[in-house]
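Here is how the chains run, residue by residue.
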Amino acid sequence: MGEWKLACELVKVIRHFFPDLLPLLKQLPDPRHPSYIRYPSSVLLMTRILSSLCYISSMRKTSEEFNSETIIQTIWDICGEENTGGELPYWETINRYLEKLEPDALQEIVCQLCRRLLRSRAFEAMRVQGKYWQILIDGTQLYSTQKELDGRSLYRVHKKGTEGEYRENYYYVLEAKLVLSPKIVVSIFSEFVENPENGEFQKQDCEQKACWRLMERLKAAFPRLPICLTADSLYACERWFRECQERNWRYVLRYKEGSIPQIAEEYQKLRELEGNWQEIRLEDGISWYDTVTGIVYEGYMVNLVEYGEKREVPYKKGKKKGTKREIQKQFWFLTDLSTKGRRKRELVECGRRRWMIENEGFHTQKQQGYHLEHLYSKAYQGFKNHYYLIQIGHMISQILEAWKELWKGVKQSREQKHRRLLESLKGIRIREEMGQEKERFQIRFI
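Each chain has its residues counted from 1, running along the sequence as written. Local features in this predicted model are restricted to residues of pLDDT 70 or higher, and side-chain atom pairs are both shown and tallied only at a pLDDT of 80 or more, whereas totals for entire chains, interfaces and linings draw on every residue. Calculation of side-chain values draws on the structure's entire complement of heavy atoms; hydrogens and water are dropped beforehand.

Asker: Sorry, what's going on with the overall build of the protein here?
Answerer: Helix and strand definitions here come from DSSP, where helices need a minimum of 4 consecutive H or I residues and strands a minimum of 2 consecutive E residues; each element is numbered from the N-terminal end. Each helix and strand in the protein was counted, giving 15 helices and 10 strands. In terms of overall dimensions, the protein has C-alpha extents of about 75 × 55 × 55 Å along its principal axes. Counting all 446 residues of the protein, 52% fall into the buried class. Taking as baseline every contact in the protein between residues at least 6 positions apart, the subset at least 24 positions apart corresponds to 68%. Using a 1.4 Å probe, accessible areas were evaluated by the Shrake-Rupley method; residue-level cover was limited to the displayed protein chains. Of the roughly 22200 Å² of accessible surface on the protein, 44% is carried by carbon and sulfur atoms. The sign given to each residue is positive for Lys and Arg and negative for Asp and Glu; His and the chain ends receive no count. Where a charge lies is defined by one atom per residue type, namely NZ (Lys), CZ (Arg), CG (Asp) and CD (Glu). Charge centroids of the protein, computed over 74 positive and 63 negative side chains, lie 4 Å from each other. Think of it in three bands: residues with accessible area under 20% of the maximum for their type are buried, residues over 50% are exposed, and the middle band is partly exposed, with areas taken using a 1.4 Å probe on protein chains only. Contacts are assigned to residue pairs with any non-hydrogen atoms lying within 4.5 Å of each other.

Asker: For this particular structure, what's the right way to read helix 11 (residues 343-352)?
Answerer: In an α-helix, one full turn covers 3.6 residues, which means residues spaced three or four apart are oriented alike. Every buried residue of helix 11 is listed here: Lys344, Leu347, Val348, Cys350 and Gly351. Burial along helix 11 is one-sided: seen end-on, the buried residues are contained in an arc of 160°. Arc definition: it is the arc formed by the directions from the helix axis to the C-beta atoms.

Asker: How should I be thinking about helix 12 (residues 355-367) in this particular structure?
Answerer: By this rule, a helix spans an expected 1.5 Å times one less than how many residues it contains. In this model, helix 12 (13 residues) spans only 16 Å end to end at C-alpha, well below the 18 Å of a helix rising 1.5 Å per residue. Listed in full, the buried residues belonging to helix 12 are Met356, Ile357, Glu360, Gly361, Phe362, Thr364, Gln365 and Lys366. Contact partners of the buried residues in helix 12: strand 1 (133-145), strand 3 (166-181), strand 4 (184-193), helix 13 (380-401) and helix 14 (414-427). Two residues or fewer after helix 12 comes glycine 369, characterised by a positive phi angle close to 120°.

Asker: Sorry if this is basic, but what is going on with the packing of aromatic side chains here?
Answerer: Between two aromatic rings, the relevant description is the distance of the centres plus the angle of the planes. Stacked, edge-to-face and tilted labels apply to pairs of Phe, Tyr and Trp rings (six-membered ring for Trp) whose centres lie within 6.5 Å, assigned for plane angles under 30 degrees, over 60, and everything in between, in that order. Enumeration over the complete set of coordinates arrives at 21 aromatic pairs. Their ring planes at 50° and their centres at 5.9 Å tell us that tyrosine 90 and tryptophan 91 sit as a pair that is tilted. With 5.7 Å between their ring centres and 15° between their planes, tryptophan 277 and tryptophan 288 make a pair best called stacked. One end of the pair, tryptophan 277, is in the loop between helix 10 (261-274) and strand 7 (278-282); the other, tryptophan 288, is in strand 8 (residues 285-297), and 11 residues separate them in sequence. The exposure class assigned to tryptophan 288 is buried, which follows from its relative accessible area of 6%. The rule for a charge over a ring is simple: NZ of Lys or CZ of Arg within 6 Å of the ring centre, and within 35 degrees of the ring normal. A cation over an aromatic ring shows up here: arginine 115 above the ring of phenylalanine 222, its NZ or CZ 4.7 Å from the ring centre. Above the ring of tyrosine 170, the side-chain terminus of arginine 156 is found at 4.0 Å from the ring centroid.

Asker: How do you make sense of the side chain of glutamate 207 when you look at a structure like this?
Answerer: In this structure, glutamate 207 sits in helix 8 (residues 207-221). Any Lys or Arg side-chain nitrogen found within 4 Å of a carboxyl oxygen on Asp or Glu counts as a salt bridge. Despite its burial, glutamate 207 pairs with no opposite charge, the nearest such side chain being arginine 354 at 7.8 Å. A polar contact of 2.7 Å, which involves the side chain of glutamate 207, links it to the side chain of tyrosine 172. Apart from residues lying up to four places away in sequence, glutamate 207 is in contact with Asp138, Gly139, Tyr172, Leu174, Val193, Leu234 and Tyr235. Polar contacts, as counted here, are pairs of nitrogen or oxygen atoms within 3.5 Å of one another; within protein the pair requires one atom able to donate a hydrogen and one able to accept it, and residues that are adjacent in sequence qualify only if both atoms are side-chain atoms.

Asker: Looking at this model, I keep getting lost on unusual backbone geometry. Mind explaining?
Answerer: For residues other than glycine, phi is negative in most cases, and the peptide bonds are mostly trans. At tyrosine 55, a residue that is not glycine, the phi angle is positive and equals roughly 60°. The residue tyrosine 55 is located in the loop between helix 3 (41-53) and helix 4 (59-65) in this model. Take tyrosine 55: its relative accessible area is 7%, and that puts it in the buried class. One non-glycine residue, asparagine 248, lies in positive phi territory at about 60°.

Asker: Explanation requested: the packing of helix 3 against helix 6 (residues 91-100) in the structure shown.
Answerer: When two helices pack together, their arrangement is captured by the angle between the axes and the distance separating the axes. Contact geometry of helix 3 with helix 6 gives a least axis separation of 10 Å together with a crossing angle of 105°. For the element pair helix 3 / helix 6, the angle class is roughly perpendicular. Counting all contacts with helix 3, which are made through Ser41, Leu44, Leu45 and Thr47, the residues of helix 6 involved are Thr93, Ile94, Tyr97 and Leu98. Of the residues assigned to the contact of helix 3 with helix 6, the class counts are five nonpolar, three polar and no charged. Throughout, an axis means a line fitted to C-alpha atoms (over the contacting stretch in the case of helices), and angles, computed between N-to-C directions, take values from 0 to 180 degrees. With respect to orientation, any angle under 35 degrees is reported as roughly parallel, any angle over 145 as roughly antiparallel, any angle of 65 to 115 as roughly perpendicular, and every other angle as oblique. Gly falls in the polar group here, along with every residue not listed as nonpolar (Ala, Val, Leu, Ile, Met, Phe, Trp, Tyr, Cys, Pro) or charged (Asp, Glu, Lys, Arg).

Asker: When you look at the nonpolar core in this model, what are you seeing that I'm missing?
Answerer: Nonpolar side chains in soluble globular proteins generally cluster together in the buried interior. By size, the foremost hydrophobic cluster in this structure holds 127 residues, and its most contacted members are Phe18, Leu21, Trp240, Phe241 and Ile396. Per-element tally for this core: the top contributor is helix 13, with 11 residues. Setting aside its immediate chain neighbours within four residues, isoleucine 396 contacts Leu10, Val13, Ile14, Phe18, Leu21, Ile49 and Leu53. Remark: nonpolar core denotes a set of buried residues (Ala, Val, Leu, Ile, Met, Phe, Trp, Tyr, Cys) joined through side-chain atoms within 4.5 Å. Residues Cys228, Tyr307, Leu337 and Cys350 belong to the second largest nonpolar core, which totals 13 residues.

Asker: I would appreciate a short explanation of the packing of helix 3 against helix 13 in the present structure.
Answerer: One way to put it is that helix 3 packs onto helix 13 with a least axis distance of 8 Å and a crossing angle of 60°. As judged from the angle between their axes, helix 3 and helix 13 are oblique. In the packing of helix 3 onto helix 13, the handedness of the crossing is right-handed. Contacts between helix 3 and helix 13 involve Leu45, Arg48, Ile49, Ser52 and Leu53 from the former and His386, Leu389, Ile390, Ile392, Gly393, Ile396 and Ser397 from the latter. Among the residues making up the contact of helix 3 with helix 13, the classes are represented as seven nonpolar, four polar and one charged. Crossing handedness follows the turn of the near helix against the far one: under a right angle anticlockwise gives a left-handed crossing, and clockwise gives a right-handed one.

Asker: Please explain the environment of leucine 6 as it appears in this structure.
Answerer: By secondary structure assignment, the location of leucine 6 is in helix 1 (residues 3-17). Leucine 6 gets classed as buried once you look at its relative accessible area, which sits at 0%. C-alpha separation for the pair leucine 6 and leucine 406, spaced 400 residues apart in sequence, amounts to 8.2 Å.

Asker: Can you help me understand the state of the cysteines in this one?
Answerer: Put plainly, two cysteines are in a disulfide when a covalent bond ties their sulfur atoms together. Two cysteine sulfur atoms form a disulfide, by the criterion used here, when they sit within 2.5 Å. Scanning all chains against the criterion turns up zero disulfides. Between cysteine 111, a cysteine without a disulfide, and cysteine 114, which holds the nearest cysteine sulfur, the sulfur-to-sulfur distance is 6.6 Å. Relative accessible area serves as the criterion here: at 1%, cysteine 111 is assigned to the buried category. Note on cysteine 114: relative accessible area 0%, which makes it buried.

Structure below.
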């Protein structure tokens, strides 16, 4: 694969899977005074999105990396705008724009892009039980510091009551991510956990409160979408069951005995009576499934699925190398979906997919190039807009990374591939190269 080809394939992915992206960026209400507008909003926003795609660690470095005649023209061409000034906006210009832009406008663009992906029918195989789209919910901490932040930030006190007591201020977000393939999980909705703007509150905002707000907004944005929610044991409570039932959503929840002890007690009493235990022999051990259906809690019927495995795994390093150790894992899941036949295996797979929001989502964005914990803007509104643009960039890059034919024979790390993309964008003029492309566009995913 020539270096030039990767930039062209990126444009193909955007045109094929995200054809509404540029029109949506251009339709955003512009908060700037008309007399100060030098760069179209689409150029400002696309520069920031491509910065994420190229794994550039800061806005200042973006201005340095993109400071070449070729990449400047390429970005203007991608946006479909006439390059009148011969340059790109400096990072301070982009930040000032994002500090004024209403974050809900970018959230709506994220929703529109997800609607387009759902309508493409390229990911139908990932529907739970052939019907429901799986959405993972979890929260993560973003930027933190001992210095003062915006009044809406959260805080925690460390070493309370000692001489070393100090206060940590931080930003926190609750994410809903849509599962599209075993390697693709994209943001569909974000709810920031934040204190009131006027600074008057008895208790800080928390992840659970944010979850109820997120569920309400998600239903308003996707009123007809058949959804199966997956979350950790924090949400195993009566209100979760009620909120899902009222919206006609399904769920697969990670469950621990301490969450709702009554359900665990009922499960232990009924498991032998129902006799659903199923054991499977493996090469290095065993795995098992067990289920109990129709457990009643506060008027709601729930099913509990257990999965466990015992394996003998050899030590690969150290003095014990060559000898074996026994590893045992056990998981419980609460669900209102059918557990008949082979469906319990699918439910366990759905429940264990919750790790995707941690690994493919937060870990990738924090540790592998997107620098999610970096303070891109000192203004809270600007910080939130940077967050949404990172989600859009990650959405595009996951489609690009999962394109099987594109990476055939390429043995490079994810970071190397994205640096290769940057070099490709610097090295070609998109308008000239894309004019020569005649091949039919078709993607098969890894």
